[in-house]
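Close look at the chain arrangement
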Amino acid sequence: MQRTLTFSQAINEALCLAMRKDEKVILMGEDVAGGAQVDHLQDEEAWGGVMGVTKGLVQEFGRERVLDTPISEAGFIGAAAAAASTGLRPVAELMFNDFIGSCLDQVMNQAAKLRYMFGGKAKVPLTIRTMFGAGFRAAAQHSQTLYAIFTHMPGIKVVVPSTPADAKGLLLASIADDDPVIFFEDKTLYSKSGEVPEGEYTIPLGKADIKRAGSDLTIVAIGKMVHTALEAADQLAQKGIEAEVVDPRTLSPLDEETILASVAKTNRLIVIDEANPRCSVARDIAAMVADKGFDTLDAPIKTITAPHTPVPFSPALEDLYLPNASRVLEVVSELIGDESLKAIS
Amino acid sequence: MEKTLSSQVLPKEKVVWMYRKMVEIRQFEDAVHRLFAAGKLAGFVHLYAGEEAVAVGVCAHLTERDYITSTHRGHGHCIAKECDIPGMMAELYGKATGLCKGKGGSMHIADLEKGMLGANGIVGGGFPLACGAGLTAKLTKTKDVAVCFFGDGANNQGTFHEGLNLAAIWKLPVIFVAENNGYAEATPFEYASSCTHIADRGQGYNIPSVIVDGKDVVAVYQAAQEAVERARNGGGPTLIECKTYRNYGHFEGDAQTYKKADERALHANEKDAINLFKKYIKEHKLMTDDEMEAINKDVEQLIEESIRFAEQSPFPAPNELLTDVYVSYP
C-alpha cells in the first residue's frame, strides 16, 4: 500500500529532497523558519511558515539556507530573482498571492524578462511558492486567485497542483527548472491527504493529467476546482453521463494537445476556474479550443468561474462566490438538455 | 528621546474618555478571542489587546473629520476613532448589519463617516493612503489631519519610505504612528530591521521623530498633541514610535513559541497599559475605584449586547455578492 501525505507534507518533502540534493537550493520568505534570533526558541518549535508548510526544514538545513525575511516583498522576491541569475536556486515564498501587489515589478519586469532582454544569456532558476484561493474566510486581500496575471506574462511558468502527489512532483520539477516558475498552492487543500510516492520524482511542466476518463463531455478544472469537477462527475455518472476531468496542472506552458484530444473525443467542453472571469485562464482555454478544435465541438463551450467581484468576507457570500458541483450540473443540463440533471443538483 | 510616565494632569473629561476607550478595546478583543476559540468567528483575526494606549492616546486629539489608516490589527483603532461597536462585532460575524455589510470582515473593517479609512490586509498599505488623505486636507484647507498607524513589520516595506518622503516634501498633515510591539508575525524587530529604533529612520526624511513608552497613554497623548498641532498648523509630518506589546499572538491560533514566558507575564501585569493608567488616575485622584468599576461594567454590557446584536443579525442577501464593486457599471 502506498503511503498518504497531506498536500502540505508533500510540499515539505519536495523542498527537503531538493535541498538535500543541491546545496544551491535555498528557501526565503516571511517566517519560513520563524523566530529568527530568538535565543530560547528551539528550531522544531519555530513556525515553519504561517501555515506550517516549511516546518522542520530549518532544523535540517539551518538558518543560512532557510532565511527569514523582513516583510519586504519587493526586496526579497527581487533578491531571489537575482540570486537565481547569479548561481543560486532559490525558492522564495510569497505568503499570499495577493501580496504580489507589493513586488510585481520584481517578478514582471525583472525575473520574467531578464533572459529575453539579455539575448538569452541569463538564466533565472527561481521558484516562487505562493498561496491562493477563496473559501478560507480570509477576505478580499488574502483570498484572490491570480494565476491568470502570470499566465499572461511571457518568461515565467505557472504551476497549479491539485493533489499531494502532483504537488510534490511538480514542485521538484519547478525547482529543477532553469526558468522562473510561480507555484500556486491552494490554502484550502493543505490539509487534504492523498497517496504520494516515496523518493524523488518529477512531473514535467506542460503535461496535463486526466483525473477521470469519460466520453460524454470534457471538464477542464484548475486547482481545487479539480475536486469540484470530480464531485460533479460522480453525480453525472449516476445519470449515465461520463465526464472526463482534465487537470492542466501547469497553465504556462499549457498542454493544449491533451485538452484538444479530450474535446475531440467528447465533443463538449466546460472549464471551471475559481478566478474572476475577465481575461481568465478559463476563457483563455475556451478561446484556444474554439480556435483550434471548433470542428470537434457539438455544443457551445461553457466556463464556470467566480463572478466579477472581489472575494467577500461574509461566509454567506463567499459560499456563493466559489463555483460548486451544483453549478456544474446546471451547466451540464444546459449543454445536454437533460432537465433531470438540475433536479439532482 | 525617550519620554517617561508623565506627571501632567489631564482634564478629567479626557481621562474618563480615554479610560473607557481602553477598556472597550480590551474587552472587545478578549471577547473576540473567546468567540474565535469557540468557533463562532471565522477567518484571520488579529487582536490589539495590550496596545490600547497607542490608539487611544493618539485618537484623543482627533475629531470625527480627521482621518486614520489602520492595519490588519485594526479593532483598537476603530474603537478609539469611535466606530460603532455593535456594528464592528456584526462585521466580524459577516452579518449584513456590520460596518461594511459583512463584506470586509476583521481585516477590512472601516467606517468612512468616522474618518476610519480601513484596517488593511497588506502590511505597509496605509502609508500612501494617509498621505492621500493628508493631501486632501491640505488642498481643501480643512485643517484636518491624517494619522497612519503601522506595525514594526511595516517599517521595512518600501511604502514606509515612499510615504515618509512624500509627506515630508509636500509638508502633509500626517502623523505616522509606529506600534512597535517587538514582533512582525514571529520575527523579532531586532532581526528584521537594521535600525535601532523606527524613529531613527524619520531623521533621514527630515521628519521630527520621537520615541514614547507605548504602554503609557499619557506619554502617547502628549507626543500626539505636539504632532497633531504641528500638522494642523501647516508644520508637516511627525513620526511617533510607540514601544508596545501585543498580549495575544500575531493571529488567533498562533502558539507564540517565539515569546518568553516572563515577558508575557510582565506585559500582562506591571507593564499593562490599563493597569498603568489606573495607577495614574488614582495618583491624581481623577476617578475613584467605583467610577472605574462602573465603566468596566457598562462596557461589559455593551460587549454582550454587541455579540447578541451580531448573532441575531441576518447574513447579507445573496444579491449583495454582486453589489458595491463599482459606483456604476452598465
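Residues numbered from 1 in each chain as written. Chains lettered and ligands numbered in written order. Predicted model: local features only at pLDDT ≥ 70, side-chain atom pairs only at ≥ 80, totals over all residues. Heavy atoms only, no water.

Moving on to the overall build of chain B. Summing up its helical and strand segments, chain B has 12 helices and 7 strands in all. Its C-alpha atoms give chain B a radius of gyration of 19 Å, near enough to 20 Å, the size a compact globule of 330 residues would have. Within chain B, buried positions represent 59% of all 330 residues. Within chain B, contacts between residues at least 6 apart in sequence are counted, and of these 74% link residues at least 24 apart. For chain B, the separation between the mean place of its 35 positive charges and that of its 44 negative charges on side chains is 3 Å. (Helix = DSSP H or I, 4+ residues; strand = E, 2+ residues; numbered from the N terminus. Rg over C-alpha atoms; globule rule 2.2 N^0.38 Å. Buried < 20%, exposed > 50% of the residue type's maximum accessible area, 1.4 Å probe, protein only. Contact = heavy atoms within 4.5 Å. Lys, Arg positive; Asp, Glu negative; His and termini not counted. Charge placed at Lys NZ, Arg CZ, Asp CG, Glu CD.)

What follows covers the sheet that holds strand β11 (residues 243–247) of chain A. Think of a sheet as strands paired side by side through backbone hydrogen bonds, with each pair either parallel or antiparallel. All names here are of chain A. A sheet is described by the order of its strands in space; here 5 strands give the open sequence β9-β11-β10-β13-β14, paired in mixed fashion. Two strands in the sheet have a free side with no partner beyond their single neighbour: β9 (209–212) and β14 (302–304). This sheet shows a mean twist of 25° between the axes of neighbouring strands, independent of strand direction. Relative to β14, strand β13 (residues 269–272) runs parallel, the two being bridged by 3 bridges. Along β14, the bridge assignment pairs Ile-272 with Ile-304. Along the sheet face, helix α8 (residues 225–238) touches β9, β10 (217–221), β11 and β13 and points at about 170° away from the line of β11. (Pairing = 2+ DSSP bridges. Axes fitted to C-alpha atoms, helices over the stretch in contact; angles between N-to-C directions.)

Now for the sheet that holds strand β7 (residues 181–186) of chain A. Residues and elements named next belong to chain A. Across the sheet, which stays open at both edges, the 7 strands sit in the order β3-β2-β4-β5-β7-β6-β12 with mixed pairing between neighbours. Only two strands of the sheet have a single partner each, and these edge strands are β3 (66–68) and β12 (250–252). Recorded for the sheet is a direction-independent mean angle of 20° between the axes of neighbouring strands. Both strand β4 (residues 89–96) and strand β5 (residues 127–132) contribute to a ladder of 5 bridges, which runs parallel. Considered in β5, the bridge of Ala-92 is made with Ile-128. Against the sheet, helix α1 (residues 7–21) touches β2 (25–29), β3, β4, β5 and β7, its axis set at about 135° to β2.

This part covers the interface of chain B and chain A. Counting from both sides, the interface comprises 44 residues of chain B and, opposite them, 41 residues of chain A. Here chain B packs against chain A, burying approximately 3400 Å² in sum over the two surfaces, 65% of which is carbon and sulfur. By the criterion of area lost to chain A, the three top residues of chain B are Phe-44, Tyr-191 and Leu-321 of chain B, representing 20% of everything that side buries. Linking chain B with chain A are 0 salt bridges, by the criterion used here. The tally of links between chain B and chain A comes to 15 residue pairs in polar contact (both at pLDDT 80 or more). Every element with two or more residues in the side of chain B that touches chain A is listed here: α4 (85–92), β5 (187–188) and α7 (189–192) of chain B. Residue classes in the side of chain B that touches chain A are distributed as 23 nonpolar, 14 polar and 7 charged. (Buried area = accessible area lost by both parts, 1.4 Å probe. Salt bridge = Lys/Arg side-chain N within 4 Å of Asp/Glu carboxyl O. Polar contact = N/O pair within 3.5 Å; in protein donor to acceptor, adjacent residues only side chain to side chain. Nonpolar A, V, L, I, M, F, W, Y, C, P; charged D, E, K, R; others polar.)

So, on to the pairing of β10 of chain A. All names here are of chain A. Burial within β10 is extensive, with 5 of its 5 residues counted as buried. Alternating positions in β10 separate into two faces, Leu-217, Ile-219 and Ala-221 on one and Thr-218 and Val-220 on the other, with burial throughout. The sheet contact formed by β10 and β11 spans 4 bridges and is parallel. The residue of β11 that forms the bridge with Thr-218 is Glu-244.

Right, let's talk about the pairing of strand β2 (residues 146–151) of chain B for a bit. Residue and element names in this part refer to chain B. For β2, the buried fraction is high: 5 of the 6 residues fall into the buried class. Of the pairings in the sheet, the one linking strand β1 (residues 67–69) to β2 comprises 3 bridges and is parallel in character. Paired with Ile-68 across the strands is Val-147, a residue of β2. Crossover handedness for the path β2 to helix α6 (residues 158–169) to strand β3 (residues 174–180): right-handed. (Right-handed = clockwise from strand over helix to strand, strands pointing away.)

Below, the discussion takes up the side chain of Asp-216 of chain B. Residue and element names in this part refer to chain B. Here Asp-216 lies in the loop between β6 (209–213) and α9 (217–232). Lys-279 provides the closest opposite charge to the buried, unpaired Asp-216, separated from it by 10 Å. Engagement of the side chain of Asp-216 in a polar contact is seen with the backbone nitrogen of Val-218, the distance being 3.0 Å.

Inspection of the entire model under this criterion finds 17 aromatic pairs over all chains. Note on Phe-96 of chain A and Phe-44 of chain B: the rings are 5.7 Å apart at their centroids and 75° apart in plane angle, and the pair reads as edge-to-face. Note that Phe-96 of chain A is positioned in strand β4 and Phe-44 of chain B in the loop between α1 (12–37) and α2 (52–59), a pairing that runs across two chains. Neither Phe-96 of chain A nor Phe-44 of chain B differs from the other in exposure class; each is buried. Plain terms: the ring middles of Phe-127 of chain B and Phe-160 of chain B are 5.4 Å apart, the flat faces sit at 85° to each other, and that makes the pair edge-to-face. (Phe/Tyr/Trp six-rings, centres within 6.5 Å; stacked < 30°, edge-to-face > 60°.)

For the rest of this paragraph, the subject is the nonpolar core. Soluble globular proteins: nonpolar side chains tend toward being buried together. If you look at the biggest cluster of nonpolar residues, it comprises 102 residues, and the most contacted ones within it are Ile-11, Val-66, Leu-126, Tyr-147, Phe-150, Ile-259 and Val-289 of chain A. Among the elements that line this core, the one with the most residues is α1 of chain A, at 9 residues. In terms of nonpolar packing, the next biggest core, distinct from the first, is built from 70 residues, Met-22, Val-45, Leu-62 and Ile-79 of chain B among them. (Core = buried A, V, L, I, M, F, W, Y, C linked by side-chain atoms within 4.5 Å.)

Any residue range with low pLDDT should be treated as having predicted coordinates unsuitable for detailed reading. Confidence along chain B averages 96 in pLDDT terms, with 98% of residues attaining 70 or more. The complex model carries a pTM of 0.96, and its ipTM stands at 0.94. (pLDDT = per-residue confidence, 0-100.)

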